[in-house]
Amino acid sequence: MPIPAKKATASPDPEEILRESEQRFRLMSDTAPVMIWMSGTTTLCTYFNKVWLDFTGRTMEQELGNGWAEGVHPDDFERCLTIYTTSFDQRKPFSMEYRIRRYDGVYRWILDNGVPRFTPNGAFAGYIGSGIDITELKEANQRKDEFISMASHELKTPVTSIKTFTQALSYRFQKQGDEECLRILSRMDAQLDKLTKLISDLLDIAKIQTGKLTLREEAFALDELVVEIVDMLQGTTRHQLLLEQRAPVLVFGDQDRIGQVLINLLTNAIMYSPQADKVAICLEKEQGNVVVSVQDFGIGIAEDQIEKIFEQFYQAADPLEKTYPGLGIGLYISSEIIKQHHGRIWVQSKKGAGSTFMFCLPVYEESSRDLD
Amino acid sequence: MQKKKILIIDDDPDILFSLQILLEDVGYAVETSDNDDGLRGPHDALPHLILLDLLLSGRDGSEITRQLKSQEQTRHIPIIMFSAHPSAGKLVLAAGADDFLPKPFERAELLARIACYI
């Protein structure tokens, strides 16, 4: 009797493959130490992993759909929902921080990242996301911020009274015509200004490390800021600060911080070109970016030093020339500011012929639409 | 002519002392304090201008500003607030202060600002 031959290479049962794949996903999802969720093509959630459910202490049925939103902190609810739905409409990934109620009733800060997913033929299939508890991190940053605030106040207080005393004495010696004492007091005042700047710079570094460097975010006119800063600094130097080219663009970010970068580059340009009489500034729009350049005609930077110049504590110290004063933090802080604004900062220089420092920032969308 | 009187409120005695010298040298009458008690007196004892620190020992200077600006008898007194925080400007103006100066002060700027108001 013929024995029915077994199929030698059985084509895999599609249902079996699917089951196995699903099982693999569930295992990974439930054992990875993150909270995982999924939503379908409407914003309603269709899945929460075991970690999520254990964290909230709720059942899958309670969390599905919009049930999960019941656990979001009332102060974060609006913002959370807005970010989620706007990203959803644009099919864009999102990252947000909000508080969610833990199984014990305590609200914890979650960092939630969601990405849109698509079927193999490109159809939108919903979102998948993951969250982690960042409460400890946030509290530590909060404490650091408070320390920074207090430190700023405490350090600047004695400097304030010393500076006021110095300036009060200057006035008295001026009335008496005592040139020598005036000179001494003027040096004291200059050193106090340096000390004040160092305190600010050191605190900026602390802020960089906790990611709190930029405070405000808004659209602003970059060329107007440049004009404002050039006007302000022109009064402090005999160098001619020439704004040779303008570009009427908007950028998005912290106006004070970008202003800080401009002041840093301009004061460096002035300081490192004592024999020159001008500094040239240009703005140029270039494919969705605006490039700002500050050119000085001073001592320049040696080729082997160019890479290091944006590092912390770098300082020009040519043994044949005077050491230029400063902690060397300015360019480091400037480069961090530009980085946080999704820009780039770089320099072209030739020893003895001067340097051109340049940074670029993305042009703010709305503006470029208007210009077209 | 009667001297213009400035009241300085700060919790650091040397800031009070140094500002007093600087301001008296150019002809102002100066009173110093670490609190706002001196403002509850009769009208002719009130200062023409107040210099007020944002952060007094554990206390919020802008609360004092709000209070003074809400009271009939003190509303008219210009208040210049100062702080070691360079970006406290918006905060103090929102509290009702007339002006803001960052610490440490530049003598010329301090005097110019005061002159704007008295």
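Whatever comes next refers back to the structure up there.
Residues numbered from 1 in each chain as written. Chains lettered and ligands numbered in written order. Predicted model: local features only at pLDDT ≥ 70, side-chain atom pairs only at ≥ 80, totals over all residues. Heavy atoms only, no water.

**Overview of the sheet that holds strand S9 (residues 278–286) of chain A**
Picture the strands of a sheet paired through backbone hydrogen bonds; they go either parallel or antiparallel.
Residues and elements named next belong to chain A.
Right, so step 1: A sheet is described by the order of its strands in space; here 5 strands give the open sequence S7-S9-S10-S12-S11, paired in mixed fashion. A strand with exactly one partner marks an edge of an open sheet, and here the two such strands are strand S7 (240–245) and strand S11 (344–350). Pairs of neighbouring strands in the sheet enclose a mean axial angle of 15 degrees, with direction left out of account.
Right, so step 2: Direction of pairing for S7 relative to S9: parallel, over a ladder of 5 bridges. By the bridge assignment, Leu243 is partnered in S9 with Ile281. (Pairing = 2+ DSSP bridges. Helix = DSSP H or I, 4+ residues; strand = E, 2+ residues; numbered from the N terminus. Axes fitted to C-alpha atoms, helices over the stretch in contact; angles between N-to-C directions.)

**As for the packing of aromatic side chains**
Residues and elements named next belong to chain A.
Right, so step 1: Evaluation of the coordinates by the stated rule reveals 16 aromatic pairs over all chains.
Right, so step 2: Centre to centre, the rings of Phe124 and Tyr127 are 6.0 Å apart; their planes meet at 75 degrees, and the pair counts as edge-to-face. Both residues of the pair, Phe124 and Tyr127, belong to the buried class.
Right, so step 3: By the ring-pair criterion, three or more aromatic residues cluster together here, those being Trp37, Trp68, Tyr84, Phe88, Phe94, Phe118, Phe124 and Tyr127.
Right, so step 4: Positioned above the aromatic ring of Phe124 is the side chain of Arg91, whose terminal nitrogen or guanidinium carbon lies 3.8 Å from the ring centre.
Right, so step 5: Over the ring of Trp346 we find Arg344, and its NZ or CZ is 4.2 Å from the ring centre. (Phe/Tyr/Trp six-rings, centres within 6.5 Å; stacked < 30°, edge-to-face > 60°. Buried < 20%, exposed > 50% of the residue type's maximum accessible area, 1.4 Å probe, protein only. Lys NZ or Arg CZ within 6 Å of the ring centre and 35° of its normal.)

**Describing the side chain of Thr356 of chain A**
Right, so step 1: Tracing the backbone shows Thr356 of chain A in strand S12 (residues 354–362).
Right, so step 2: Residue contacts for Thr356 of chain A: discarding those within four places in its chain leaves Ser293, Val294, Gln295, Trp346, Val347 and Gln348 of chain A. (Contact = heavy atoms within 4.5 Å.)

**Some points on the pairing of strand S5 (residues 124–133) of chain A**
Residues and elements named next belong to chain A.
Right, so step 1: Pairing of strand S1 (residues 35–39) with S5 involves 5 bridges; the strand directions are antiparallel. Note on S5: the bridge partner recorded for Ile36 is Ser130.
Right, so step 2: Across 9 bridges, strand S4 (residues 107–118) lies against S5 in antiparallel orientation. Within S5, the residue paired with Leu111 across the bridge is Ile132.
Right, so step 3: Hairpin connection of S4 to S5: 5 residues between the antiparallel strands, including Gly122 at a positive phi of 90 degrees.

**A closer look at the interface of chain B and chain A**
Right, so step 1: Taken residue by residue, the interface counts 22 residues in chain B and 21 residues in chain A.
Right, so step 2: Summing the contributions of chain B and of chain A, the shared interface buries around 1900 Å²; its carbon and sulfur component is 61%.
Right, so step 3: Between chain B and chain A we count 2 salt bridges in total.
Right, so step 4: Notably, a salt bridge pairs Asp25 of chain B with Arg172 of chain A, separated by 2.7 Å at the nearest N-O pair.
Right, so step 5: Taken together, the connections running from chain B to chain A amount to 5 residue pairs in polar contact (both at pLDDT 80 or more).
Right, so step 6: For the side of chain B that touches chain A, the element with the most residues is helix H1 (residues 13–25) of chain B, which contributes 8 residues.
Right, so step 7: The class makeup of the residues in the side of chain B that touches chain A is 11 nonpolar, 3 polar and 8 charged. (Buried area = accessible area lost by both parts, 1.4 Å probe. Salt bridge = Lys/Arg side-chain N within 4 Å of Asp/Glu carboxyl O. Polar contact = N/O pair within 3.5 Å; in protein donor to acceptor, adjacent residues only side chain to side chain. Nonpolar A, V, L, I, M, F, W, Y, C, P; charged D, E, K, R; others polar.)

**Concerning the pattern of salt bridges**
Right, so step 1: Using the criterion set out here, one finds 29 salt bridges over all chains in the structure.
Right, so step 2: Note that Arg58 of chain A is salt-bridged to Glu63 of chain A, the shortest N-O span being 2.6 Å. Taken individually, Arg58 of chain A and Glu63 of chain A each receive the classification buried, so the pair is uniform in this respect.
Right, so step 3: Note that Lys339 of chain A and Glu336 of chain A form a salt bridge whose closest N and O atoms lie 3.4 Å from each other. On the criterion of helical spacing, the pair formed by Lys339 of chain A and Glu336 of chain A is a turn pair, its members being 3 residues apart in helix H9 (residues 330–340).
Right, so step 4: Residue class for Lys339 of chain A comes out exposed when judged on its relative accessible area of 53%.
Right, so step 5: Looking at Glu336 of chain A, the relative accessible area reads 15%, which means it is buried.
Right, so step 6: Members of the salt-bridge network, linked through shared partners, are Lys163, Asp189 and Asp193 of chain A together with Glu106 of chain B.

On their own, these measurements won't tell you what the molecule is for.
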